[in-house]
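# Reading the structure
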Amino acid sequence: MSEQSKAVRREKRNSYIKKRKLPIRVLSLTVLISVVGLAGLLYISYSMDRIARVYNGVVKNDYANLEYMDSISQNFYRQQALVFQYMDNFDDNDKKNNLKINAKNIETALFDEVKEFGDNVIGTVYESSYHTIFSGLNGYFSNVNYIFEFGDVNDYSTAEFYMQNMLLESIEEVNDAVDLFNTLIKDDVNKTQQEMTNHLEVSRIISIVIIVLLTIFTFIGLAWSISASREIAYKDPLTGIDNMDKFQKDMDRYIKKGRITEYICVCSNIKDFTIVNQQLGSAVGDMALRNFANTVTQRLQKDERIARVGGDKFIMLIRNEHIDEFVKFVDRVSITVDYHNEAHIIQLETRCGLCRIKEGYDAGTIVDDVHLALSQTKLKAVDNIWFEENMLEQAYDRKTLLAEYQSAIKHKEFVVYYQPKVNIFNNTLCGSEALVRWWRDDKIVPPFKFIPVLEEEGRVTELDFYVFEQVCCDIRTWLDNGIKPVRVSSNFSKLHLRNPGFAEHVLEIVDRYNIDSEYLEIELTESSGYEDFDAFTEFVDKMRSRGIHISIDDFGTGYSSLSLLKKLDVDVIKIDKSFIDGIAIGDEMNESLVKNIIYMIKDLNRHVICEGVESMQQAEFLKKQNCHMVQGYLFDKPLPHDEYEERLKSPVYKNVVE
Ligand code: C2E
Ligand code: MG
Ligand code: MG
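Everything quoted here is computed from the prediction, not taken from an experiment.

Before going further, it helps to examine the overall build of the chain. Assigned secondary structure in the chain consists of 21 helices and 16 strands. Expected size for 658 residues packed as a compact globule is a radius of gyration near 26 Å; at 57 Å, the chain overshoots this value by more than 25%. When the backbone C-alpha atoms are referred to their principal axes, the chain occupies close to 190 × 55 × 50 Å. Counting across all 658 residues of the chain, residues that qualify as buried make up 44%. Restricting the contact set of the chain to residue pairs at least 6 apart, pairs at least 24 apart contribute 70%. Accessible surface computed for the chain: about 34,700 Å², of which carbon and sulfur atoms make up 53%. Positive and negative charge centroids in the chain, built from 77 and 102 side chains respectively, lie 8 Å apart.

What follows is the structure in structure tokens.
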């Protein structure tokens, strides 16, 4: 069977289960089984009853008739014997008369019996036999009467004549009739026996048919039930493809057969699938997932597997030689969905984690590894990533970092460093940037080791407020101690823009420490404004209305356009270190770029600061471009609180920029 027809069959079966046709079928089958079973039992019971009744009737009647026949025959013989004795004692009148009287008595008794017999058989198949016997007996007795009549007048020869010629003939006639009657009874008994045998045979056949049908029906029902429970246990109800249990089972099978290394495990999820759900509704979203699963399934080769992990995540086993083509295909899958009664083609793009399976891997490890690879695609913003062993270590570090984060906040393990910003026109301290460090196990952990992880997990916001509060607290202390602070900028992740109470929270801290807004600046990175522009402008407006400065960090590394910058009412633009790195190393293009960016920012009436200034040449170049503020190792690295406090006390730098 081709893969396509298999897929069609699978689809049919799934829709059939989904539409609950199977339970209806099982129910119909059960009803059918019951009806057939009941009808069969009724028939058997009816035919047994009939057999019993027929048998009882026939047997009862036939036995009664046989008894009559027996008695009639006996009396008939006794009667004949008396007639013969009568003839033998012809000369002895007394004896003769006695014998005659006895014979007459038997005759009466015989006729009474014959009459009774007649009542029993008239209207039955034996009626004609009865008439024959009756007329035979009549003939016989009329001859006997002749014998007695001639005996009364002692005419032996005439009596003898009747005896020899007439009587024997009528005896013969009666005997023949009796024989015929007996034959009839025998036939009837045979017929009844045959009928009984036939009924029993039919009942036996019917019983066998019922048993066979019941067995077949029960097996079919059982097979359907097993297949239904398999479907429930091993199928994903939404898409109808296998679920994870089945996938792992198949992997175990391949592992046992030693074939697992012929495959690559792929775990993919659909990019921005929430947008499909949000914009087209979850019903269309479900249809999209179903169609995606079907389209990918049809692309699988023999023995390749697919299952739905959940949501928009799918897992596959793809043959080594097919992987390149498959990944290319699954990167962008076109599917059709019905929306407002119209068919629409949509493109679903995926991210894939890939895991080359080595000897000795078990199903659980493969699934974990491929999931890990997939999780890296989002973090690294790429479409496909192959699993590598070092990912496990990274994942472990990440896990422990997240596990320890909360307690680190609670135990104040995070400390704030301040990196001075310098006015290169008068070589004095003009501001600083608050940069967090983690004192973890007596070592300083730099922010690049934990900020990106916390950001990805959406947990950095707590830390930003922690740092900001520390900054406000330090400024308050310096002010209270008569040390003049400079403006401190604090980094805030773009994640805050999702929080409608962001501005209020910032202001609440500012008010709590009673800090003048001239000492505060908030740094937001450029990319944050692009995604949440409305939230960004709203926040900027709220801060500006309270006189708190806003700067755009890492300018030039994100996606925002210069026209966007025009719309944003921010105070300071920080040009990213990557542009500064290209200064004074002969990269004219870069220098020209920096020159023009500075010119343009100034033209827009914004302040400009360059970060990452490490050499005097860079500082001199920037001074030439009329950039007043710089931040970099040339002047200071980020300083711990106490060192920075010293810097506040003597804010003039010796390394003068020409
Ligand atoms: P950023 O905000 O762009 O901070 C500037 C970074 O450049 C700092 O690194 C600083 O030490 C470094 N830097 C400054 N001048 C020089 C230089 O001349 N040479 C070199 N090589 N580096 C220089 P740091 O402190 O490691 O911070 C890295 C990033 O971590 C920051 O980049 C910021 O994005 C993030 N970060 C630090 N603290 C926080 C925080 O409290 N909240 C948030 N959300 N992010 C933070
Ligand atoms: Mg910064
Ligand atoms: Mg920066």
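Read on for the rest.
Attention now goes to the domain arrangement of the chain. Splitting the chain by domain gives domain 1 (3–207), domain 2 (239–388) and domain 3 (414–649). The C-alpha-based centres of domain 2 and domain 3 are spaced at 42 Å.

Taken together, 22 residues surround ligand 1, and among them Glu433, Asp464, Asp553, Glu614 and Tyr633 come closest. For ligand 1, an oxygen atom lies 2.8 Å from a polar atom in the side chain of Glu433. Considering ligand 1 on its own, with 790 Å² of exposed area, one finds that the protein chains cover 82% of that surface. Looking at the shell around ligand 1, the elements with two or more residues in it are β9 (428–440), α13 (460–480) and β13 (549–555). Top contributing element to the shell around ligand 1 by residue count: β9, with four residues. Counted by class, the shell around ligand 1 contains eight nonpolar, five polar and nine charged residues.

Note that Asp369 resides in helix α10 (residues 363–379). As a buried residue without a salt bridge, Asp369 has its nearest oppositely charged side chain in Lys358, at a separation of 8.3 Å. Leave out the neighbours within four places in its chain, and Asp369 touches Cys355, Tyr361, Phe387 and Leu392.

A few words on the environment of Trp478. Tracing the backbone through its elements, the reader meets Trp478 in helix α13. Judged by its relative accessible area of 1%, Trp478 falls in the buried class. Separated by 284 residues in the primary sequence, Trp478 and Gln194 have C-alpha atoms spaced 123 Å apart. Filtering out sequence-adjacent residues up to four positions away, Trp478 remains in contact with Tyr418, Ile483, Pro485, His641, Tyr644, Glu645 and Leu648.

At Asn514, a position not held by glycine, the phi torsion is positive, near 55°. You can see Asn514 is positioned in the loop between α14 (502–513) and β12 (520–525). Its identity as a non-glycine residue notwithstanding, Asn626 has a phi of 70°, on the positive side. Relative to the elements of secondary structure, Asn626 occurs in the loop between α20 (616–624) and β16 (629–631).

So, about the coordination of the magnesium ion (ligand 2). Donor atoms from the polypeptide that coordinate the magnesium ion (ligand 2) comprise Glu433 (OE), Asn491 (OD1), Glu523 (OE) and Asp553 (OD), at 2.0 to 2.3 Å from the metal. A spacing of 4.0 Å is found between the magnesium ion (ligand 2) and the magnesium ion (ligand 3), which share Asp553 as a donor. Pair noted here: Asn491 is in strand β11 (residues 488–491) and Asp553 is in strand β13, with a separation of 62 residues, a long-range link. The class of Asn491 is partly exposed, set by a relative accessible area of 25%.

We now examine the coordination of the magnesium ion (ligand 3). Those protein atoms acting as donors to the magnesium ion (ligand 3) are Asp553 (OD), Asp554 (OD), Glu611 (OE) and Glu611 (OE), and they sit at 2.0 to 2.8 Å. Read in sequence order, the donor residues for the magnesium ion (ligand 3) give the motif D-D-x56-E. Of the residues examined, Asp554 reaches a relative accessible area of 24% and is grouped as partly exposed.

Looking now at the nonpolar core. In terms of nonpolar packing, the biggest core is built from 82 residues, with Phe414, Leu463, Val506, Phe539 and Leu622 touching the most fellow members. Counting residues per element, this core draws most heavily on α13, which supplies 10 residues. Those residues in contact with Leu463 that sit more than four places away from it in its chain are Tyr405, Ile409, Phe414, Val436, Phe450, Ile451 and Leu454. Counting 36 residues, the second-largest nonpolar core is a separate cluster that includes Leu82, Met87, Val121 and Val174.

Taken as a whole and assessed by the stated rule, the structure comprises zero disulfides. In this structure Cys352 is not part of a disulfide, and its nearest cysteine sulfur, from Cys267, lies 8.4 Å away. Left unpaired, Cys473 is separated from the closest cysteine sulfur, that of Cys472, by 8.7 Å. A residue is classified by how much of its surface remains accessible, and Cys473, at 26% relative accessible area, is partly exposed.

About the criteria used
- Residues numbered from 1 in each chain as written.
- Chains lettered and ligands numbered in written order.
- Predicted model: local features only at pLDDT ≥ 70, side-chain atom pairs only at ≥ 80, totals over all residues.
- Heavy atoms only, no water.
- Helix = DSSP H or I, 4+ residues; strand = E, 2+ residues; numbered from the N terminus.
- Rg over C-alpha atoms; globule rule 2.2 N^0.38 Å.
- Buried < 20%, exposed > 50% of the residue type's maximum accessible area, 1.4 Å probe, protein only.
- Contact = heavy atoms within 4.5 Å.
- Areas by Shrake-Rupley, 256 points an atom, 1.4 Å probe, with all protein chains shown as cover.
- Lys, Arg positive; Asp, Glu negative; His and termini not counted.
- Charge placed at Lys NZ, Arg CZ, Asp CG, Glu CD.
- Domains from an automatic or database assignment.
- Near = heavy atom within 4 Å.
- Polar contact = N/O pair within 3.5 Å; in protein donor to acceptor, adjacent residues only side chain to side chain.
- Nonpolar A, V, L, I, M, F, W, Y, C, P; charged D, E, K, R; others polar.
- Salt bridge = Lys/Arg side-chain N within 4 Å of Asp/Glu carboxyl O.
- Donors = N, O, S within 2.8 Å, 3.2 Å for Na, K, Ca; no water.
- Core = buried A, V, L, I, M, F, W, Y, C linked by side-chain atoms within 4.5 Å.
- Disulfide = S-S within 2.5 Å.

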